[in-house]
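Geometric and topological summary
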Amino acid sequence: MQSIRRSSFRSVAVAASLLAGLCVSAHAVEFRSADVHNSDEYPTVAAVKHMSQVLAKQSGGKYSIKVFNKSALGSEKETLDQVKIGALELNRVNISSLNSICPKSLVPTMPFLFDSIAHMRKSLDGPIGEEILKGCESQGLVGLAFYDSGARSIYAKKPVRSIADAKGLKIRVQQSELWVSLVGAMGANATPMPTGEVLTALKTGLIDAAENNIPSYEGFQHYEAVKVYSRTEHSMAPEMLVMSKAIFDKLSPADQAMFRAAAKESVTFQRQKWDEQEAKALDIVTKAGAQIVTDVDKASFKTAMAPVYAKFITTPDLQRLVKAVQDTK
């Protein structure tokens, strides 16, 4: 009799467990996040996948994120438009994509603002970064986190050791007024175009050069077209992970806090992956014959950037944030 009772109890317990599982899965929500990078292991792609794992664990399986990279959902501009109206939940974008709609996002994009990667991280991990992240909410975007994007430098068929070497070059830039002005201040000809078109443009001679970090130089195979990477390190502009405000506002305050915390946790993961990826990418391109030029006269470039700051850092708020970064030690 006791055996029958124990068996019945186990049956009820198993049934209850299965029912609970069905209830969780019935209410489970899988959000979508876009990224243009080709590799499934690219640090920003891997970081959002990590965030999904953290969310799934903390929410008991209620929330997860599926990452669509390789521009599967469109260009950064197209996916950003989708996020703004709530047609897409999350998006990892270069912060330059936000410059025209979120003025405070201009600050970390400014040339030669950060002295080093450590300086950039310290600046953005504190109140300065939080203020910039919140600056896009009026545009329907909730800033969740900054991801490292390394130091951007110029690559071409010849060394660019000083600003004189950049003069007259047709350099691909992001589709941003700031980047057009930045390259123009170097005396070069800015050529805005989507990331996906750069390799062909380099191979055909439509452009002479491009500028990006080492992992992108390797990941997009740009080193196959131009072999000289000059460490101008003119920008350390980060990436941003944004979420649709229309979607975010539907979450409970507790769930909103969970999303923010999971995003912050993914930052540490992304930075570790970034450092590893940068070392790996550098090894790949040098073994493939790329020349890494380190004796760059950065002062010659930095001096020429005064008109860029005068054009874009025009309000007391922006000037205050720039000074706050410069004062961060």
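In this report, we go over the structure that sits alongside the text.

Scoring rules and cut-offs
Position numbers for residues count from 1 along each chain, tracking the sequence in the order it is written. Selection of residues for local features in this predicted model requires a pLDDT of at least 70, selection of side-chain atom pairs for listing and counting requires 80 or more, and totals for whole chains, interfaces and linings are taken over all residues. Side-chain figures throughout are based on the complete set of non-hydrogen atoms in the structure, without hydrogens or water. Only the stretch in contact is used when fitting a helix axis, every axis being a line fitted to C-alpha atoms; angles between N-to-C directions are given from 0 to 180 degrees. Where helices and strands are cited, they refer to DSSP runs of H or I of at least four residues and of E of at least two residues respectively, numbered from the N terminus. Each helix crossing is assigned a hand: it is left-handed if the near helix lies turned anticlockwise from the far helix by less than a right angle, otherwise right-handed if that turn is clockwise. Any two residues whose heavy atoms approach within 4.5 Å at even a single point are treated as in contact. Nonpolar residues are Ala, Val, Leu, Ile, Met, Phe, Trp, Tyr, Cys and Pro. Charged residues are Asp, Glu, Lys and Arg, and all others, Gly as well, are polar. Buried means the residue's accessible area, taken with a 1.4 Å probe over protein chains only, is under 20% of the maximum for its type, while exposed means over 50%, and partly exposed covers the values in between. When DSSP finds two or more bridges between two strands, those strands count as paired. Whenever a pair of cysteine sulfur atoms sits within 2.5 Å, that pair is classed as a disulfide. Side-chain rings of Phe, Tyr and Trp (the six-membered ring for Trp) are treated as a pair once their centres are within 6.5 Å; stacked means planes under 30 degrees apart, edge-to-face means over 60, and tilted covers the remaining angles. Placement of a positive charge over a ring is assigned whenever Lys NZ or Arg CZ falls within 6 Å of the ring centre and within 35 degrees of the normal to the ring plane.

1. What about the packing of helix H2 (residues 43-58) against helix H11 (residues 253-287)?
At a minimum axis distance of 8 Å, the contact between H2 and H11 shows a crossing angle of 145°. Here H2 runs over H11; the crossing is right-handed. Residues Pro43, Thr44, Ala46, Ala47, His50, Met51, Val54, Leu55 and Gln58 of H2 form the contact with H11, whose participating residues are Met258, Phe259, Ala262, Ala263, Glu265, Ser266, Phe269, Gln270, Lys273, Trp274 and Gln277. In terms of residue class, the contact of H2 with H11 is made up of 12 nonpolar, 6 polar and 2 charged.

2. Considerations on the pairing of strand E4 (residues 141-147)
Counted residue by residue, E4 has 7 buried out of 7 residues, so it is predominantly covered. Note that E4 and strand E10 (residues 239-244) share 6 bridges and pair antiparallel. Across the sheet, Ala145 pairs through a bridge with Leu241, a residue of E10.

3. Some points on the state of the cysteines
A disulfide bridge is the covalent bond that connects two cysteines by way of their sulfur atoms. Under the definition given, this model contains 1 disulfide. Disulfide pairing is shown between Cys102 and Cys136; the S-S distance is 2.1 Å. A torsion of 130° about the S-S bond marks the disulfide between Cys102 and Cys136 as right-handed. Linking Cys102 in the loop between strand E3 (90-94) and helix H4 (117-124) with Cys136 in the loop between helix H5 (127-134) and E4, this pair joins segments that are 34 residues apart in sequence. Neither residue differs from the other here; Cys102 and Cys136 are each classed as buried.

4. Things to note about the packing of aromatic side chains
This model, assessed by the stated rule, comprises 8 aromatic pairs. Between Phe31 and Phe259 the ring centres are 5.5 Å apart and the planes differ by 55°, which places this aromatic pair in the tilted class. With a gap of 228 residues between them, Phe31 in strand E1 (residues 29-34) and Phe259 in helix H11 connect regions that are remote in the sequence. An identical accessibility class is assigned to Phe31 and Phe259; each is buried. Seen from their ring centres, Tyr217 and Tyr223 are 6.3 Å apart, and the 70° between their planes marks the pair as edge-to-face. Residues Tyr217 and Tyr223 agree in their burial class; the two are buried. Put simply, the rings of Tyr155, Tyr217, Tyr223 and Tyr229 touch in pairs and so form one group of aromatic residues. A cation over an aromatic ring shows up here: Arg152 above the ring of Trp179, its NZ or CZ 5.1 Å from the ring centre.

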